[in-house]
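Structure at a glance
Here is what each chain is made of, one letter per residue.
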Amino acid sequence: MDQIQAEIEAIRTQLEALRHERDALSNQEVQPENNSPKAIAAAYRHQARVAAEVSAEVQGIDNAIAALQAQLEQKQQQLQPLAKPKQALTLADEVEIATQQAYDHANRINELATELVEELRALKSIANDMSTSYWQLHHKPFITGFKGTSVPYLRADQGVLMIGKVII
């Protein structure tokens with residue numbers, strides 16, 4: 001266990017060194033020898049030539065950091081005490097969990113059904129308001145099929161979920 005702890009510290013130290021190196025490479029400023037136009041142009045040209053190398057080196061450092069980070073996580077997991085195996089659930093526990101999940105889904109379905117009913121009624125109202133004008137302009141109905149349109153909902157009847165429908 002002490003060996004793993006030492007390896008973790010070594011990885012952290014290396015990660016810190018790589019991050020400092022990356023920061024140093026990324027924060028290089030252009031510094032001309034003097035303020036003459038020729039010196040400024042030469043400094044920026046030099047910076048442009050060096051930029052490709054620096055970019056490749058920063059990419060390599062980023063890759064090394066990612067690999068070390070993965071190795072650090074692996075070592076930290078080795079330190080975690082082994083999880084105790086879960087006890088098998090009884091049939092009653094499994095049924096209770098599944099029942100609760102089913103009721104959660106039923107509630108969500110009913111929420112969505114309520115929203116859908118509201119949206120359909122709003123659409124029907126708009127269609128009714130413009131139906132005559134739309135017919136006069138296009139010589140066809142704007143929306144058809146509202147008769148018999150329904151939305152499913154669920155209800156519980158003595159512990160039994162039943163799927164019903166709301167007719168719009």
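1. Concerning the confidence of the model for the chain
The predicted model of the chain averages 85 in pLDDT, with 96% of residues at 70 or higher. Put simply, helix α2 (residues 37–79) is where the chain has its lowest mean pLDDT, 84, and helix α3 (residues 91–138) is where it has its highest, 91.

2. What about the side chain of Lys75?
By the secondary structure assignment, Lys75 is in helix α2. Judged by relative accessible area, which is 15%, Lys75 ranks as buried. In contact with Lys75, not counting residues within four places along its chain, are Ile4, Glu7, Ile8 and Ile11.

3. Some details on α3
Within α3, the axis deviates most sharply at Met130, by approximately 55°. Every buried residue belonging to α3 is among Ala106, Ala113, Val117, Leu120, Ala127 and Tyr134, and all of these are buried. Check the buried side of α3 and you find it contacts β1 (150–157) and β2 (160–167). Taken from the residues just after α3, His139 is the one with a positive phi, measuring 60°.

4. Some points on the pattern of salt bridges
For the structure on display, the rule yields 4 salt bridges. For the salt bridge of Asp62 with Arg22, the shortest nitrogen-to-oxygen distance reads 2.4 Å. With Asp62 in helix α2 and Arg22 in helix α1 (residues 2–26), this pair connects stretches of sequence that are 40 residues apart. Judged by relative accessible area, which is 27%, Arg22 ranks as partly exposed.

5. A word on the pairing of β2
Bridge count for β1 against β2 is 8 bridges, and the pairing is antiparallel. Across the sheet, the residue bridging to Ser150 is Ile167, located in β2. Between β1 and β2, which pair antiparallel and follow one another directly, the connecting turn spans 2 residues, one of which, Gln158, has a positive phi of 55°.

6. Section: α2
With 43 residues, α2 should reach 63 Å at 1.5 Å per residue; the first-to-last C-alpha distance of 60 Å fits that figure. At Val50, α2 shows its largest bend, some 35°. Turning to α2, the residues buried within the fold contact α1.

7. Points about the environment of Ile8
For Ile8, the location among the structural elements is in helix α1. The exposure class assigned to Ile8 is buried, which follows from its relative accessible area of 2%. If we ignore the near neighbours within four places in the chain, the residues touching Ile8 are Leu72, Lys75, Gln76 and Leu79.

8. Re unusual backbone geometry
Residues other than glycine seldom take positive phi values, yet His139 does so here, at roughly 60°. Here His139 is to be found in the loop between α3 and β1. A positive phi angle is found at Gln158, which is not glycine, with a value near 55°. Tracing the chain through its elements places Gln158 in the loop between β1 and β2.

What counts, and at which threshold
Every chain's residues receive numbers from 1 upward, in the order its sequence appears when written. Given that the model is predicted, a residue must reach a pLDDT of at least 70 before its local features are reported, and side-chain atom pairs must reach 80 or more before they are shown or counted; all residues, however, enter totals for whole chains, interfaces and linings. To get the side-chain values, all heavy atoms of the structure are used, and hydrogens and water are removed first. Values of pLDDT, which run from 0 to 100, indicate the predictor's confidence residue by residue. A run of H or I in DSSP becomes a helix once it reaches four residues, and a run of E becomes a strand once it reaches two; helices and strands are each numbered from the N terminus. Partly exposed residues are those whose accessible area sits between 20% and 50% of the maximum for their type, while under 20% is buried and over 50% is exposed, using a 1.4 Å probe and protein chains only. Throughout, a residue-residue contact means that at least one pair of heavy atoms, one from each residue, lies within 4.5 Å. For a residue, the bend is simply the angle between two axes, fitted respectively to the seven-residue segment ending there and the seven-residue segment starting there. Salt bridges are identified by distance alone: a Lys or Arg side-chain nitrogen within 4 Å of an Asp or Glu carboxyl oxygen. Any two strands with at least two DSSP-identified bridges between them are counted as paired. In this analysis, the expected span of each helix is defined as 1.5 Å times one less than the number of residues it contains.

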